[in-house]
2 protein chains.
Amino acid sequence: MLSYTEENYLKAIYHLSGSGAKAVLTSEIAETMNTRAASVTDMIKKLSAKNMISYEKYYGVKITRQGKAEALMVVRKHRLWETFLVQKLHFSWDEVHDVAEQLEHIQSALLIEKLDEFLEFPTVDPHGHPIPDKTGKFVEVRQIPLSDCSGKKKITIRAVRNGSPSFLQYLSKNGVYIGAIITILEKIEFDGSLEIMIDGKKKVFISREASQNLLVTE
Amino acid sequence: MLSYTEENYLKAIYHLSGSGAKAVLTSEIAETMNTRAASVTDMIKKLSAKNMISYEKYYGVKITRQGKAEALMVVRKHRLWETFLVQKLHFSWDEVHDVAEQLEHIQSALLIEKLDEFLEFPTVDPHGHPIPDKTGKFVEVRQIPLSDCSGKKKITIRAVRNGSPSFLQYLSKNGVYIGAIITILEKIEFDGSLEIMIDGKKKVFISREASQNLLVTE
DNA sequence: ATAAAAGTTTAGGGTTATCTAAAAAATTAT
DNA sequence: ATAATTTTTTAGATAACCCTAAACTTTTAT
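What comes next is a walk through the structure.

Conventions used here
Residues numbered from 1 in each chain as written. Chains lettered and ligands numbered in written order. Predicted model: local features only at pLDDT ≥ 70, side-chain atom pairs only at ≥ 80, totals over all residues. Heavy atoms only, no water. Helix = DSSP H or I, 4+ residues; strand = E, 2+ residues; numbered from the N terminus. Rg over C-alpha atoms; globule rule 2.2 N^0.38 Å. Buried < 20%, exposed > 50% of the residue type's maximum accessible area, 1.4 Å probe, protein only. Contact = heavy atoms within 4.5 Å. Lys, Arg positive; Asp, Glu negative; His and termini not counted. Charge placed at Lys NZ, Arg CZ, Asp CG, Glu CD. Near = heavy atom within 4 Å. Polar contact = N/O pair within 3.5 Å; in protein donor to acceptor, adjacent residues only side chain to side chain. Axes fitted to C-alpha atoms, helices over the stretch in contact; angles between N-to-C directions. Parallel < 35°, antiparallel > 145°, perpendicular 65-115°, else oblique. Nonpolar A, V, L, I, M, F, W, Y, C, P; charged D, E, K, R; others polar.

1. Comments concerning the overall build of chain A
Part 1: In terms of regular secondary structure, chain A is built from eight helices and eight strands.
Part 2: Taken over the C-alpha trace, chain A has a radius of gyration of 19 Å; the compact-globule value for 218 residues is 17 Å, and the two agree within 12%.
Part 3: Reported as C-alpha extents along the three principal axes, the dimensions of chain A are approximately 55 × 40 × 25 Å.
Part 4: Looking at chain A as a whole, 47% of its 218 residues are labelled buried.
Part 5: Within chain A, residue pairs in contact and separated by at least 24 positions form 61% of the contacts whose partners lie at least 6 positions apart.
Part 6: Separation of charge centres in chain A, based on 29 positive and 28 negative side chains, amounts to 3 Å.

2. Description of the protein's contact with DNA strand D
Part 1: Near DNA strand D you find 21 residues, and of these Lys45(A), Lys57(A), Ser3(B), Ser39(B) and Lys46(B) are the closest.
Part 2: Among all atoms of DNA strand D positioned within 4 Å of the protein, those belonging to sugar or phosphate total 77%.
Part 3: One of the side-chain nitrogen or oxygen atoms of Tyr9(B) is found 3.3 Å away from a phosphate oxygen of DNA strand D.
Part 4: At the level of secondary structure, the elements contributing two or more residues to the surface near DNA strand D comprise α2 (26–33) and α3 (37–49) of chain A together with α1 (4–16) and α3 (37–49) of chain B.

3. Some points on the protein's contact with DNA strand C
Part 1: Near DNA strand C you find 21 residues, and of these Ser3(A), Ser39(A), Lys46(A), Lys45(B) and Lys57(B) are the closest.
Part 2: When atoms of DNA strand C within 4 Å of the protein are split into backbone and base, the sugar-phosphate part holds 75%.
Part 3: Interatomic distance of 2.6 Å between a side-chain N/O atom of Ser3(A) and a phosphate oxygen of DNA strand C.
Part 4: Lys45(B) is positioned with one of its side-chain polar atoms (N or O) 2.5 Å from a phosphate oxygen of DNA strand C.

4. Notes on the environment of Ile181(A)
Residue and element names in this part refer to chain A.
Part 1: As for its position among the elements, isoleucine 181 is in strand β5 (residues 181–187).
Part 2: As a C-alpha pair, isoleucine 181 and glutamate 6 span 175 residues in sequence and 40 Å in three-dimensional space.
Part 3: Excluding residues that lie within four positions of it along the chain, isoleucine 181 makes contacts with Lys154, Ile155, Thr156, Met197, Ile198, Asp199 and Gly200.

5. Concerning the packing of helix α2 (residues 26–33) of chain B against α3(B)
Relative orientation and spacing of two packed helices are given, respectively, by the angle between their axes and the distance between those axes.
Residues and elements named next belong to chain B.
Part 1: Contact pair α2 / α3: the axes reach a minimum separation of 9 Å and the direction vectors enclose 110 degrees. Regarding the angle of α2 to α3, the classification is roughly perpendicular. Contacts from Thr26, Ile29 and Ala30 of α2 reach α3 at Ala37, Val40, Thr41 and Ile44.
Part 2: Its residues assigned to classes, the contact of α2 with α3 shows five nonpolar, two polar and no charged.

These results come straight from atomic positions and should not be treated as a statement about function.
Following this line, the structure appears as structure tokens:
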């Protein structure tokens, strides 16, 4: 059984490692967890002793199969709770993160299975991120940043890369949402911004930074 | 801001004091919190420093107005979550306590107001206990133990005094639920048990212990 | 009224998760 | 290749919460 803090570290390592693919540095973990490297080293030892990660001094850590399974359950809980907050309690998508950070640590397998059922087994959360099922599996759709697109084809907005409230509010204000179908009208040379048409109705300008943080399918 | 543990102590003190009416002994707190008296003394000092309780050495503690308000918010959250679990996620009433013990500590005023609205502002939880509103007020209906009743009048089951899973399962098995309308058919001299008629349809025997833990209105 | 019993507090530790400062190892630059 | 820099680890503390054992206060019993 992992503590609240251990779960948070493991989740951070999972995300930083690209879903468990590559090794992660102590400093990267310290950065995202807002702690010092020394604290990370301590926690690495604990997680290593619990076989959640493999650890060799002065090298990065790699998440184990067991650790990945645990991390996936935390991610599952986080995303199910975010879905609940938006769909049932009518939170806006920029308000859910901090609450879900707390809710993801509630310990009850029954709760999460019932919540999943109540939400009718959603496969993506309000930010477009996939929700692992109870076995940890999820559908991985190949998505690319909007900034890599060109031409006049129809593009579907699938997910946000960065979930910061200010970015999400910016998107809402401009009528951009998950599932929107857009076309690129023009790419401005000067600053890399894009003029796009949303649902064939609304023309807006999207900054280069924003287009790099929007994941889409063509 | 109170910690998870401080909230739990304060809630225990609130309940033990009869909603803040009387002083509570260190040993009573230790008993219900499953800790040692020495640990309670430590926590009493902390809560006293935060003006949640008033404390005089070797005497019991009394909850302050501020402490009562905090405790009521924890109670509110606990009962709203229990209501959610039963009404929306279809938990049975004997499964909700432990999960609600965790959920009650989630920090988000917005969450609890939205949850309240989603549940359509319930006034009692699945065990018949009143849910304080956002200002801490709740309707206090005068209830008496079923064991104190006699005669043939119609009696409404309003709440359980003891929420242990085994008692709740016993009630379910016998068709007893919050809101049921019953009449007493016979009181058995020998063991103090009652034969009751539920909703004019079902005759069952209820032990003396059970009748003492059922709160009713006549 | 005073001795015994019961209850409470203090003293001194242990664990978890954090920190700073110093030491050690790895990386980078000349 | 070696010196400088950066990163990581170790060492030693601190805060929250809990413990046991001993000291102290209150209550109960004779």
